[in-house]
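Chain and residue survey
Single-letter residue listing:
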Amino acid sequence: MTTQENLNQIHEEINQAALKWGRKSRDINLIAVSKRQSQDKIQAALNAGHRLFGENKVQEAILHWGDIKPLYPDLKLHLIGALQTNKIKEALKIFDLIETIDREKLAHKLGNELKAQNRSIPCFIQVNIGDEEQKSGIPPQDITDFLGFCRNDCSLDIRGLMCIPPADEPATMYFSLLQKMAREHDLPELSMGMSSDFEQAIALGASYIRVGTAIFGDRKG
Ligand SMILES: *Cc1c(COP(=O)(O)O)cnc(C)c1O
């Protein structure tokens, strides 16, 4: 199937999941994850009218989007991978939203840079929803404090939560936990669900789903 056909298919599945779970399709935003995909496929998605993309590395995002982003004023790019503090300035040149605020040092330095530039950018906090040793993100029990820190000490515009559930386990319980946390903290946005589990994420309130391979096929490398 072509990239356009895949996109149509995913939109169809989003509509059906929305219908089934009492959601509105327009409340579910599809992030096409273009990391390690070819420029041709990215262009095919743009030609199909898609305008919301996700990348997990700053340098690769600049390679993929540096030249073409200025041609599409309504294009939005989310950072969905770890942000090193020495890449904050570059990230702010290309990304419209940062989903991966995952530690105090990053929140602090990003806050300082935004203040210096006299601007703001919407952000999500990445939650280490399965409390896994090797995963980045804030442990669920620390969210209240960290949210306060981001807002009050760093002046960050935190809009929601993002998570990557543990591999090889059903994601439902983790999606449900993230939904509960977002509700408790009055955060309107929830970024969760990927190619294999976005329907469950929609059932549990996802406002952004991040889909790569189901749109573009297997990644390089
Ligand atoms: C790569 C990636 C995705 C997309 O995963 P697929 O299984 O290809 O849909 C989603 N979220 C994050 C954070 C990723 O790094």
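Please refer to the structure placed before this passage.
Figured I'd write up the structure that's included with this text. (Residues numbered from 1 in each chain as written. Predicted model: local features only at pLDDT ≥ 70, side-chain atom pairs only at ≥ 80, totals over all residues. Heavy atoms only, no water.)

A closer look at helix α6 (residues 143-153)
Here is the rule: Partly exposed describes any residue whose relative accessible area lies between the buried limit of under 20% and the exposed limit of over 50%, with all areas from a 1.4 Å probe on protein chains only and scaled to the type maximum. Counting from the N terminus, the helices are the DSSP runs of H or I reaching at least four residues and the strands are the DSSP runs of E reaching at least two. In this context, the arc is that of the directions from the helix axis out to the C-beta atoms. Residues count as neighbours in contact if any of their non-hydrogen atoms are within 4.5 Å of one another.
Taken residue by residue, α6 has I143, F146, L147, F149 and C150 as its buried positions. Viewed along the axis of α6, the buried residues span an arc of 160°, placing them on a single side of the element. Along α6, exposed side chains directed more than 90 degrees from the buried face belong to D145, N152 and D153. Packed against the buried residues of α6 are β4 (97-101), α5 (104-117), β5 (122-127), β6 (157-163) and α7 (172-184). S155, located one to two residues past α6, shows a positive phi value of around 55°.

Focus: the environment of H11
As for its placement among the helices and strands, H11 is situated in helix α1 (residues 3-21). The exposure class assigned to H11 is partly exposed, which follows from its relative accessible area of 36%. Sequence spacing of H11 and S191 is 180 residues, and the spatial spacing of their C-alpha atoms is 17 Å.

Topic: the pattern of salt bridges
Inclusion rule: Criterion for a salt bridge: a side-chain nitrogen of Lys or Arg within 4 Å of a carboxyl oxygen of Asp or Glu.
Counted under the stated rule, the structure contains seven salt bridges. Ionic pairing is found between R51 and D74, a salt bridge with its closest N-O pair at 3.3 Å. One end of the pair, R51, is in the loop between α2 (39-47) and β2 (52-55); the other, D74, is in the loop between α3 (58-65) and β3 (76-79), with 23 residues separating them in the sequence. Using a relative accessible area of 23% as the deciding quantity, one classes R51 as partly exposed. The class of D74 is partly exposed, set by a relative accessible area of 48%. Across the pair E132 and K135 runs a salt bridge whose closest N-O atoms are separated by 2.8 Å. Since its relative accessible area comes to 16%, E132 is described here as buried.

In short, the description is geometric, and any link to function would need to be established separately.
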